[in-house]
Amino acid sequence: MKKILLFKVFFLSLFMAYGQVAKTNTISGTVTGLPAGPGGAHIDRTFSFAAGDFTACTGLTEVEISINLILGNGTPPTPGPYGVHEDLNVRLVSPTGTTVDLIQDRWGYWIGSAQTNTYSGFTAVNGTMNFDDDHPTSVIPVAVNEWTTGNFSPHNPLSTFDGENPVGNWTLRISDGNNQFAGADYFHFVQATLTVTCGTSCTEPDIPVVTATPNPICSGGSTTLNIAGNLNDATQWHIYTGFCGVTPVGTTAGSTFTVSPTTTTTYFVRGQGGCTTPGTCGAITVTVNPAENAGYSYSSSSYCVNAADPTPTITGVGGGSFTSAAGLGLNGATGAIDVSISTPGTYTVTYTTPGACPGTSNQNVTINALDDASFSYSASSYCTSDSDPTPTITGLGGGSFSSTAGLSLNAGTGAIDVSASTPGTYTVTYTTTGSCPNSSNVAVTINAADDASFNYSASSYCVSNSDPTPTITGLPGGSFSSTAGLSLN
C-alpha cells in the first residue's frame, strides 16, 4: 500500500455507574519501506490501566473507536494521488489477549491468507472514521479501496471485550501488510486515545420462545401465552402488540400470561428492567376464529296456549340445540314449542350451534293463557214473568254473548228479556275479545207461568146449597184466596 498515514484513535464506551477512564498515547512515528510477506511490519502503542482507576468494577461494557487518517507522500506526509492495495490492518488487543480487528488486511499478508483484492487508485484524503457496534453501516464493504469519513461498525464486533477486566496493558497495533513499491510505503502514527468504562456486569434476558395454548381460539375466548427463556438480570417479561415495544399489554415475572384477543393478533414478548437494555422480542400470532352463525327465528314472539305448536326457522348453522328456562314445553333438538303444556310466561330460548366455535343467539317467546271468560246469572232459571236478568262478568269484560234461538238475549250485555223468550233451556255463551279469546257457557232455563185453571160446578150458590169444591184442571197443589166475606178453604 503506497501511503503516508496520520492516525488518531479513540476507544469509548457508554458511561456507567462505576467510572469511565481515558488513556492517551501520543508517541508519533513513521514506518516506511515495509517488507513484504505475511505479517508485514507494524507499530504498537500501549495504554495501561491500574486497578485503582476503577471502583467496584466487574467487567467492561461497550467500546467505540474514532480514527483520523491522512494519506500522502513524504515525511511529514502531505495528501496526494496514491493507490491502495487494501493491505491495511488495525487491531486492538486487550490485557487478556482478546483481539479485535477494526480494519482487516484484504490482501491477506497480515492474517496469513491468500490475496483476494488488487490495486485500486484514488485521490488521497484526510478522513475520520468512527467505529461503534451500534452503527448500521459496516466498514467491510466501504473501507476496502479508500479512506472516508463517517460512522461505521468495525470488521469484528467491539462487544467481544464485554465483561473483561480492563486492568492491564492494552495494545493498538497498526500494520501495513505489503510493500508493492520498494521503499515507497509510509505509515505515520500521530495519536491514539483509549477510553474504557467499567461497571457491574449485566446479563441480558434471553429472546423468549413464545407459544399459546390453545391456538387458535374462538371469538370471545382466552389463551395462555407460554414464555420459555431466562429473564437473567431483567425483572419482568413485557408483552406488546403492534410490534416489539409498541403497544404494551401487560407484564409478568412468571412464565405465562393470559390474553383475550377479539381478532387475530401477534404478541411480542421481551425481558426488560434492571440493568438490561430492551432488545429483541419473541413473537406468537394467536388466531381468533369467529363464532358460527346461530341465527334463527319463530314466526311470532307470542303464542296462546291453544295455538298450533310453533317450530323455529334456522338461518344459520343447523344441527345445534335449544334451551330455555323451566316451564316452556321446548324440544331441545328441533326448538318446537308445545304451547298447550307450557306455563304462561315469557321465556328466552337460546340456540347453540354444534361446531368448534359455537355461536349462540336468543329469542324471547311469550306464552299467553286464554282469556278468562267467566260469567254468571243470579239464577239458573227464570219465569217469563220475572224481571229481566243481567249476568255478572268475573273474567275479561268487553266480550259478546250468544245463545240458541228462542232466548231473547242482548249480545252486548247478556241481559235476557224473559217475557219475550220462548220457555225452554238455553246455553248462553260469553266470548272474550282479548289476545287469546276464550269462551264459557252457562245454562239458563226460561219457564212459562203455571197453569192455574180450575172451575166450580156453578157460578152461584144459595146459602142453603151444599158447599162446592172446585175442579183444578191446571197445576194442583196451589192455594186459593178471595176477597173478604167469602168463607173459603
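Everything in this summary refers to the structure shown in the same document.

Parameters at a glance
- Residues numbered from 1 in each chain as written.
- Predicted model: local features only at pLDDT ≥ 70, side-chain atom pairs only at ≥ 80, totals over all residues.
- Heavy atoms only, no water.
- Helix = DSSP H or I, 4+ residues; strand = E, 2+ residues; numbered from the N terminus.
- Buried < 20%, exposed > 50% of the residue type's maximum accessible area, 1.4 Å probe, protein only.
- Salt bridge = Lys/Arg side-chain N within 4 Å of Asp/Glu carboxyl O.
- Patch = residues over 30% accessible without salt bridge, like charges linked within 9 Å, V, L, I, M, F, W, Y side chains within 5 Å.
- Areas by Shrake-Rupley, 256 points an atom, 1.4 Å probe, with all protein chains shown as cover.
- Disulfide = S-S within 2.5 Å.
- Phe/Tyr/Trp six-rings, centres within 6.5 Å; stacked < 30°, edge-to-face > 60°.

**Notes on the overall build of the protein**
In step 1: Helices and strands together make up the secondary structure of the protein, namely 0 helices and 39 strands.
In step 2: The 489 residues of the protein split such that 39% are buried.

**Some words on the pattern of salt bridges**
In step 1: Under the criterion given, the structure shown has 2 salt bridges.
In step 2: Its salt-bridge partner being Asp 44, residue Arg 173 comes within 2.7 Å of it at the nearest N-O pair. Here Arg 173, found in strand β15 (residues 168-176), pairs with Asp 44, found in strand β4 (residues 41-49); they are 129 residues apart in sequence, far enough to count as distant.
In step 3: Asp 44 gets classed as partly exposed once you look at its relative accessible area, which sits at 29%.
In step 4: Residues Arg 91 and Asp 101 are paired through a salt bridge, measuring 2.6 Å at the closest nitrogen-oxygen approach. Here Asp 101 lies in strand β11 (residues 99-103) and Arg 91 lies in strand β10 (residues 88-93), a separation of 10 residues in the sequence.
In step 5: Its relative accessible area of 19% is what places Arg 91 among the buried residues.

**A short note on a nonpolar patch on the surface**
In step 1: On the surface, a cluster of nonpolar side chains totalling about 590 Å² of accessible area is made up of Phe 454, Tyr 456, Tyr 461, Ile 472, Phe 480, Leu 486 and Leu 488.
In step 2: Relative to the helices and strands, Ile 472 is located in strand β39 (residues 471-472).
In step 3: On the accessibility criterion, Ile 472 (39% relative accessible area) is partly exposed.

**A few points about unusual backbone geometry**
Backbone phi values are negative for most residues with the exception of glycine, while trans is the configuration of most peptide bonds.
In step 1: Here Thr 213 and Pro 214 are connected by a cis peptide whose omega angle stands at -5°.
In step 2: The topology assignment puts Pro 214 in the loop between β17 (209-213) and β18 (217-218).
In step 3: Backbone torsion omega between Asn 215 and Pro 216 reads 10°, so that peptide bond is classified as cis.
In step 4: Take Pro 216: it is sitting in the loop between β17 and β18.
In step 5: At Asn 232, a residue that is not glycine, the phi angle is positive and equals roughly 55°.
In step 6: Tracing the backbone through its elements, the reader meets Asn 232 in the loop between β19 (223-228) and β20 (236-241).

**So, the state of the cysteines**
In step 1: Tallying each qualifying case throughout the model produces 3 disulfides.
In step 2: Cys 218 shares a disulfide with Cys 357; S-S distance 2.1 Å. Judged by the sign of its S-S torsion, about -85°, the bond between Cys 218 and Cys 357 is left-handed. In this pair, Cys 218 sits in strand β18 while Cys 357 sits in the loop between β30 (345-352) and β31 (360-368), placing the two residues 139 residues apart along the sequence.
In step 3: Look at Cys 357 and you get buried, because its relative accessible area is 9%.
In step 4: Each sulfur of the disulfide joining Cys 304 and Cys 436 lies 1.8 Å from the other.

**Describing the packing of aromatic side chains**
In step 1: All told, the structure shown has 12 aromatic pairs when counted by the stated rule.
In step 2: Both rings, one in Phe 243 and one in Phe 268, keep their centres 5.3 Å apart while their planes meet at 50°; by these two values the pair is tilted. Of this pair, Phe 243 sits in the loop between β20 and β21 (247-252) while Phe 268 is found in strand β23 (residues 265-272), placing the two residues 25 residues apart along the sequence.
In step 3: By relative accessible area, which is 52% here, Phe 243 ends up exposed.
In step 4: Phe 268 gets classed as buried once you look at its relative accessible area, which sits at 13%.
In step 5: Between Tyr 296 and Tyr 298, the aromatic rings sit 5.9 Å apart at their centres with planes inclined by 80°, giving edge-to-face as the arrangement.
In step 6: Classification of Tyr 296 by relative accessible area gives buried; the value is 5%.
In step 7: By relative accessible area, Tyr 298 is classed as buried at 9%.
In step 8: Every member of this aromatic cluster is reached through a ring pair, and the members are Tyr 296, Tyr 298, Phe 322 and Tyr 351.

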